[in-house]
Amino acid sequence: MNTKEKNFISAVVYLHNDGARAAEFCRAVAAELDAHFAQYELVAVDDACTDDTVESLRAWGKEQSAPLTILHMSLYHGLENAMNAGLDAAIGDYVYEFDSTQLAYPTNCIFKAYQTALQGNDIVSVCPRTTRSSASELFYKIFNANSHSPYRLRTDAFRLVTRRAINRVHASSAHLPYRKAAYAACGLKMADLVFDGRMTEKQAGRFNLAVDSLALYTDAGFKVSMGITLCMLVLALVELLYTVVIFFTGHPVAGWTTTMFVITVGFAGLFAVLTIVVKYLSLLLDLTFKQQKYLVESIEKLQK
């Protein structure tokens, strides 16, 4: 009697010069999926690999019974863009997102993530108990403090998302600069699974991604820009007040009062305008990027 899960599963794996480890990782993932699921597929995203990653994966794929799709990117796109391409190619009801081929967790975490999703969670993140670096901790601390999502982001090894979650985030934006933040902001239920261990590898380009994520998914950028603008406005007004006081009580150099008055009034007006501009830019961001006006986690119907 076949007791395997009937939901169709996709596993999207990001590859960039992973060498033979790519085939080893896919073999481990496929073995776990084959043990629990009747139907599944592997989607490997070749992000312009220049070593033997693709060759070793092809050799392994000839032995693999389940469908294996290798998505070749035209040029190096980086993790987020390449994985977005992989998600577009995946057709599963549930999709695993493996951003790295580092197997720092027990393979049974893969099925545990699915079991957790069946409990009503649309996004399940499998996270190490120990964080990777102080820089990551600082980013997540700032992000979580300024995000409107009730869920706290943290370093994760991989995640499982439902088709509903993928459709939800793509409905809010066709381009996802940071998938993890988009999932947290989509309004669907999330859960974390923690394993003993840590992720030791770092990916390039994370600083720019962090800055973009803070600007798009939190109020951090708006608060910082407004704070700086208001501080400069206050300083300009203080300088203006100081100029007026010197004019009436001191002995200013000829022409000094007029020059400083014009400069300080000009800067005060400039920073007042910048305050308004920053606010309008924030509103434009909300109107163009954050297109959904409300978020529904689920609908429950009761019958007699």
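In this text, all values refer to a predicted model and were calculated from it rather than measured experimentally.

1. A word on the overall build of the chain
Line of reasoning, step 1. In terms of helices and strands, the chain carries 10 helices and 7 strands.
Line of reasoning, step 2. Per-residue burial over the chain gives 44% buried out of 304 residues.

2. A closer look at the packing of helix α1 (residues 21-36) against helix α2 (residues 53-61)
Line of reasoning, step 1. Between α1 and α2, the shortest axis-to-axis distance is 8 Å and the interhelical angle comes to 35°. When you trace α1 past α2, the crossing you get is right-handed. Only Thr-53, Ser-56, Leu-57 and Trp-60 of α2 make contact with α1, whose side of the interface consists of Ala-22, Ala-23, Cys-26, Arg-27 and Ala-30.
Line of reasoning, step 2. Residues belonging to the contact of α1 with α2 are distributed by class as follows: 6 nonpolar, 2 polar and 1 charged.

3. Side note on the sheet that holds strand β5 (residues 123-128)
Line of reasoning, step 1. Pairing is mixed in the open sheet, where 7 strands are placed in the order β3-β2-β1-β4-β6-β5-β7. Strands with a single pairing partner mark the edges of an open sheet, and in this sheet they are β3 (68-72) and β7 (190-195). Neighbour-to-neighbour, the strand axes of this sheet turn through a mean angle of 20°, independent of strand direction.
Line of reasoning, step 2. Strand direction decides the pairing type here: β5 and strand β6 (residues 158-162), joined by 4 bridges, are antiparallel. Each bridged residue has a counterpart across the sheet, and for Ile-123 the counterpart in β6 is Val-161.
Line of reasoning, step 3. The strands that α1 touches are β1 (9-15), β2 (40-46) and β4 (94-98); relative to β2, the one it contacts most, it runs at about 160°.

4. Looking at the nonpolar core
Line of reasoning, step 1. The biggest cluster of nonpolar side chains holds 37 residues, and the ones touching the most others in it are Leu-33, Tyr-96, Phe-98 and Phe-158.
Line of reasoning, step 2. Counting residues per element, the ones that place at least two in this core are β1, α1, β2, α2, β4, α4 (108-117), β5 and β6.
Line of reasoning, step 3. The greatest single-element share of this core, amounting to 7 residues, is contributed by α1.
Line of reasoning, step 4. Tyr-14, Ala-181, Ala-184 and Leu-214 belong to the second largest nonpolar core, which has 34 residues in total.

5. Looking at α4
Line of reasoning, step 1. When you tally the buried positions in α4, you get 7 out of 10 residues, the bulk of the element.
Line of reasoning, step 2. Those residues of α4 that fall on the buried side of the exposure criterion are Cys-109, Ile-110, Phe-111, Ala-113, Tyr-114, Thr-116 and Ala-117.
Line of reasoning, step 3. Next to the buried residues of α4 lie β1, α1, β4, β5, β6 and β7.

6. Focus on the pattern of salt bridges
Line of reasoning, step 1. One pass over the structure, following the stated rule, counts 10 salt bridges.
Line of reasoning, step 2. Here Arg-179 and Glu-80 are joined by a salt bridge, their closest N and O atoms 3.0 Å apart. Residue Arg-179 is located in helix α7 (residues 179-185), and its partner Glu-80 is located in helix α3 (residues 79-89); the two are separated by 99 residues in the primary sequence.
Line of reasoning, step 3. The exposure class assigned to Arg-179 is buried, which follows from its relative accessible area of 1%.
Line of reasoning, step 4. In this structure Glu-80 comes out as buried when scored by relative accessible area, which is 9%.
Line of reasoning, step 5. Put simply, Asp-156 and Lys-180 hold a salt bridge, and the shortest N to O gap is 3.3 Å. Remark: Lys-180 occurs in helix α7 and Asp-156 occurs in the loop between α5 (134-146) and β6; sequence separation between them is 24 residues.

7. Topic: helix α9 (residues 220-249)
An α-helical segment advances 3.6 residues per turn. Residues three or four places apart therefore align on the same side.
Line of reasoning, step 1. Between the first and last C-alpha of α9 there are 43 Å, a value that for 30 residues agrees with the 44 Å anticipated at 1.5 Å per step.
Line of reasoning, step 2. Burial in α9 covers these residues: Ala-220, Met-226, Thr-229, Leu-233, Ala-236, Leu-240 and Thr-243.

8. Examining the confidence of the model for the chain
Line of reasoning, step 1. The predicted model of the chain has a mean per-residue pLDDT of 82, with 85% of residues at 70 or higher.
Line of reasoning, step 2. By mean pLDDT, helix α10 (residues 256-288) is the weakest element of the chain at 70, and β4 is the strongest at 97.
Line of reasoning, step 3. In the model, residues 293-298 has pLDDT below 50 throughout and makes 14 contacts with residues more than four positions away in sequence or in other chains.
Line of reasoning, step 4. Predicted confidence is poor over residues 300-304, with pLDDT under 50, and the contacts of this stretch with residues over four places away or in other chains come to 0 contacts.

9. Side note on the environment of Leu-160
Line of reasoning, step 1. Position of Leu-160 among the secondary structure elements: in strand β6.
Line of reasoning, step 2. Separated by 151 residues in the primary sequence, Leu-160 and Ile-9 place their C-alpha atoms 9.9 Å from one another.
Line of reasoning, step 3. Those residues in contact with Leu-160 that sit more than four places away from it in its chain are Tyr-94, Val-95, Tyr-96, Ala-113, Tyr-114, Ala-117, Asp-122, Ile-123 and Val-124.

Thresholds, definitions, all that
Residues numbered from 1 in each chain as written. Predicted model: local features only at pLDDT ≥ 70, side-chain atom pairs only at ≥ 80, totals over all residues. Heavy atoms only, no water. Helix = DSSP H or I, 4+ residues; strand = E, 2+ residues; numbered from the N terminus. Buried < 20%, exposed > 50% of the residue type's maximum accessible area, 1.4 Å probe, protein only. Axes fitted to C-alpha atoms, helices over the stretch in contact; angles between N-to-C directions. Left-handed = near helix turned anticlockwise from the far one by under 90°. Contact = heavy atoms within 4.5 Å. Nonpolar A, V, L, I, M, F, W, Y, C, P; charged D, E, K, R; others polar. Pairing = 2+ DSSP bridges. Core = buried A, V, L, I, M, F, W, Y, C linked by side-chain atoms within 4.5 Å. Salt bridge = Lys/Arg side-chain N within 4 Å of Asp/Glu carboxyl O. Expected span 1.5 Å × (residues − 1). pLDDT = per-residue confidence, 0-100.

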